[in-house]
Amino acid sequence: VNGGEKIEQTLKELAPDAEIIFKRIAVTPSQIEHWELPSRPTKISDSRSKHFGPISVEMDAIAPDDLRQLVEDHINDHLPQDKLHILKVAEDDERRQLDIWAKAVRS
């Protein structure tokens, strides 16, 4: 069992009634080009690489903001967009209220 599979197994054990979707994602050739990621030939001797393409990149080479956006986009694919919009509006309103409160406290 690899790290990702262990996390999936543990979360499902901790929340057996929750619908948890796990999706393994990969960097596409166009992202490798667009983000100018250094690549290398995939090590065919690595048993984990049997479903990889001919080239590999290190996840650490992806800029943090790009990686965060990539993951967020995949998470958002599984969220009900109408409810997500309502939550974002509520979050923005709460942030504004906290700003007003912070300014009042400083005065």
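Above this text you will find the structure in question.
Read on for an overview of the structure. (Residues numbered from 1 in each chain as written. Predicted model: local features only at pLDDT ≥ 70, side-chain atom pairs only at ≥ 80, totals over all residues. Heavy atoms only, no water.)

**A short note on the overall build of the protein**
Part 1 of the reasoning: Regarding its fold elements, the protein presents four helices and two strands.
Part 2 of the reasoning: Beginning at the N terminus, the succession of helices and strands in the protein can be written as α-α-β-β-α-α.
Part 3 of the reasoning: Considered along the principal axes of its C-alpha atoms, the protein spans approximately 65 × 40 × 25 Å.
Part 4 of the reasoning: Taking all 107 residues of the protein together, the buried fraction comes to 10%.
Part 5 of the reasoning: Long-range contacts, defined here as pairs at least 24 residues apart, represent 29% of the contacts in the protein between residues at least 6 apart.
Part 6 of the reasoning: Counting every atom, the protein has about 9,400 Å² of accessible surface; 57% of that belongs to carbon and sulfur.
Part 7 of the reasoning: Distance between charge centres in the protein, computed from 15 positive and 21 negative side chains, equals 3 Å. (Helix = DSSP H or I, 4+ residues; strand = E, 2+ residues; numbered from the N terminus. Buried < 20%, exposed > 50% of the residue type's maximum accessible area, 1.4 Å probe, protein only. Contact = heavy atoms within 4.5 Å. Areas by Shrake-Rupley, 256 points an atom, 1.4 Å probe, with all protein chains shown as cover. Lys, Arg positive; Asp, Glu negative; His and termini not counted. Charge placed at Lys NZ, Arg CZ, Asp CG, Glu CD.)

**Notes on the pattern of salt bridges**
Part 1 of the reasoning: The final tally for this structure, using the stated rule, is seven salt bridges.
Part 2 of the reasoning: Residues D65 and R68 are paired through a salt bridge, measuring 2.7 Å at the closest nitrogen-oxygen approach. On the criterion of helical spacing, the pair formed by D65 and R68 is a turn pair, its members being three residues apart in helix α3 (residues 64-76). Side by side, D65 and R68 carry an identical accessibility label, which is exposed.
Part 3 of the reasoning: Beyond isolated ion pairs, a larger network of salt bridges with shared partners links E8, K12 and R24. (Salt bridge = Lys/Arg side-chain N within 4 Å of Asp/Glu carboxyl O.)

**With respect to the environment of E58**
Part 1 of the reasoning: As for its position among the elements, E58 is in the loop between β2 (55-56) and α3.
Part 2 of the reasoning: Judged by its relative accessible area of 44%, E58 falls in the partly exposed class.
Part 3 of the reasoning: In this structure the side chain of E58 is engaged in a polar contact, spanning 2.9 Å, whose partner is the side chain of R40. (Polar contact = N/O pair within 3.5 Å; in protein donor to acceptor, adjacent residues only side chain to side chain.)

**A closer look at the layout of surface pockets**
Part 1 of the reasoning: In this structure, the largest pocket encloses a volume near 1,500 Å³.
Part 2 of the reasoning: Surrounding the largest pocket, 36 residues form its lining, R24, I25, A26, F52 and M59 being those nearest its centre.
Part 3 of the reasoning: Listed by contribution, the elements that provide at least two residues to the lining of the largest pocket are α1 (3-14), α2 (29-34), β2 and α3.
Part 4 of the reasoning: For the lining of the largest pocket, the element with the most residues is α3, which contributes five residues. (1 Å grid on protein atoms, 1.4 Å probe; cavity = no way out; pocket = protein on both sides within 12 Å on 5 of 7 lines; lining within 4 Å. Points joined across faces, edges and corners; volume = space filled by probe spheres on them.)

**A word on helix α4 (residues 81-106)**
Part 1 of the reasoning: Over its 26 residues, α4 runs 37 Å from end to end, which matches the ideal 38 Å to within 8%, given 1.5 Å per residue.
Part 2 of the reasoning: Here α4 lies mainly on the outside; one of its 26 residues are buried. (Expected span 1.5 Å × (residues − 1).)

**Here we look at the environment of L84**
Part 1 of the reasoning: Along the chain, L84 turns up in helix α4.
Part 2 of the reasoning: A relative accessible area of 16% places L84 in the buried class.
Part 3 of the reasoning: Along the primary structure L84 and L37 are separated by 47 residues, whereas in three dimensions their C-alpha atoms are 32 Å apart.
Part 4 of the reasoning: Ignoring anything within four residues of it in the chain, the contact list for L84 reads N76 and L79.

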